[in-house]
Number of protein chains: 2
Amino acid sequence: MVQFVHPSRDDITLEGVLAALSDPMRLRIVKSMVSRHGCMSCTEAAPCPEMAKSTLSNHFRILREAGLIHTEKKGVEHRNVIRQDDIEARFPGLLRTILGFCDEPHQGKD
Amino acid sequence: MVQFVHPSRDDITLEGVLAALSDPMRLRIVKSMVSRHGCMSCTEAAPCPEMAKSTLSNHFRILREAGLIHTEKKGVEHRNVIRQDDIEARFPGLLRTILGFCDEPHQGKD
DNA sequence: TCAATAGTTCGTTATTGTTGAACTACAGAA
DNA sequence: TTCTGTAGTTCAACAATAACGAACTATTGA
């Protein structure tokens, strides 16, 4: 089963986005997804490996329901993409501004 | 007594600011303080009159400890000012960007 | 079919938010 | 000075949310 809830562009709220990004772990998840600019599985985007799977899953659900990421099933894993266009359309400059201030996590920009 | 805790400019963190602003009530408090651009007592800046004093007090404490506002005692009330310069120095454009998206609360800009 | 992998859901525990009541601090009046 | 009213804070209780491990589902490959 596992139905993914994705708000439409217009249903993305400022409070929702800020609340989702107010958690350091989620901020790092989003940051690495933006710098990668492509799909990432939940495990790939995990900010630290010792985090419980259930906690990670919860963070992705929050990001998803805030409209920050789009998730779809691809085989055994979930492919997550940042909804950069939607966020930009809704709150121009917001994501860029916020992410510009947080430190690079570890991504190698291969 | 009542010692106010104000982080120094450098101790203001992005997560702290985002967490403080991720609450709709606090967002409205900050918004009205910015548009007023002057001191406001806690009661003046209250987003809705039916909110419990203790809740309001807690919101102001969070904003204060996040470095968003500066509070000082003035007679029987507390004068709160937004630390716009500090936030701007630390995270240029952040406050302006965020506040630009949230609706005007009610302030009449007298 | 069986085992392994990627995530989700559930139940428990810990942390945080909300509220009314009691408290502190100050201002003005008597 | 003392008394009263006002502005906020602190405290204790309860409610909501977050983190975790364990059990579960779905898919892949042997």
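Look a little higher up for the structure.
The rules behind the values
All residue numbers refer to positions counted from 1 along the written sequence of the respective chain. Ligands are numbered from 1 and chains lettered from A, in the order in which they are written. It should be noted that, the model being predicted, local features are given only for residues of pLDDT at least 70 and side-chain atom pairs only at 80 or more, the latter also being counted only at that level, while totals for whole chains, interfaces and linings use all residues. The side-chain numbers reported here are obtained from all heavy atoms of the structure, hydrogens and water having been left aside. When the copies are superposed, the least-squares fit takes in the C-alpha atoms of residues with a pLDDT of at least 70 in both. By the convention used here, residues are in contact when the closest approach between their heavy atoms is within 4.5 Å. Whenever a helix is involved, its axis is fitted only over the stretch in contact; in every case the axis is a line through C-alpha atoms, and angles between N-to-C directions fall within 0 to 180 degrees. Put simply, DSSP H or I for four residues or longer makes a helix, DSSP E for two residues or longer makes a strand, and each gets a number counted from the N terminus. For classification purposes, an angle smaller than 35 degrees is called roughly parallel, one larger than 145 roughly antiparallel, one from 65 to 115 roughly perpendicular, and anything else oblique. A crossing counts as left-handed when the near helix is turned anticlockwise from the far one by less than a right angle, and as right-handed when that turn is clockwise. Under the scheme applied here, ten amino acids are nonpolar (Ala, Val, Leu, Ile, Met, Phe, Trp, Tyr, Cys and Pro), four are charged (Asp, Glu, Lys and Arg), and all others, including Gly, are polar. Pairing between strands is defined by DSSP: at least two bridges between the two strands are required.

Participant: What should I look at first to understand the relation of the copies chain A and chain B in this one?
Facilitator: Applying a rotation about an axis and a shift along it to one chain copy brings it onto the other copy. By a simple turn and slide, chain A fits onto chain B: the slide is 0.0 Å along the axis, the RMSD is 0.0 Å, and the turn is 180°. Here the two chains are linked by the operation of a two-fold rotation axis. With an isologous cut-off of 70% or more, the 100% of interface residues of chain A that recur at the interface of chain B puts this contact in the isologous class.

Participant: Sorry if this is basic, but what is going on with the packing of helix H1 (residues 14–21) of chain A against helix H6 (residues 94–101) of chain A here?
Facilitator: Packed helix pairs are characterised by how far apart their axes lie and by the angle those axes make with each other. Residue and element names in this part refer to chain A. Two elements in contact, H1 and H6, have axes whose closest approach is 12 Å; the angle formed by their N-to-C orientations is 20°. By the angle class used here, H1 and H6 are roughly parallel. For the pair H1 and H6, the sense of crossing is right-handed. Of the residues in H6, those in contact with Leu14, Val17, Leu18 and Leu21 of H1 are Leu94, Leu95 and Ile98. Within the contact of H1 with H6, the residues separate by chemical class into seven nonpolar, no polar and no charged.

Participant: Whenever I open this one, the pairing of strand E2 (residues 77–82) of chain A confuses me. Can you help?
Facilitator: Remark: a regular strand shows side chains that alternate across the two faces of the sheet. All names here are of chain A. Pairing of strand E1 (residues 69–74) with E2, which is carried by six bridges, proceeds in the antiparallel orientation. Following the sheet pairing, His70 is matched in E2 by Val81. As consecutive antiparallel partners, E1 and E2 are separated by two residues, and within that stretch Gly75 has a phi angle of approximately 70°, a positive value.

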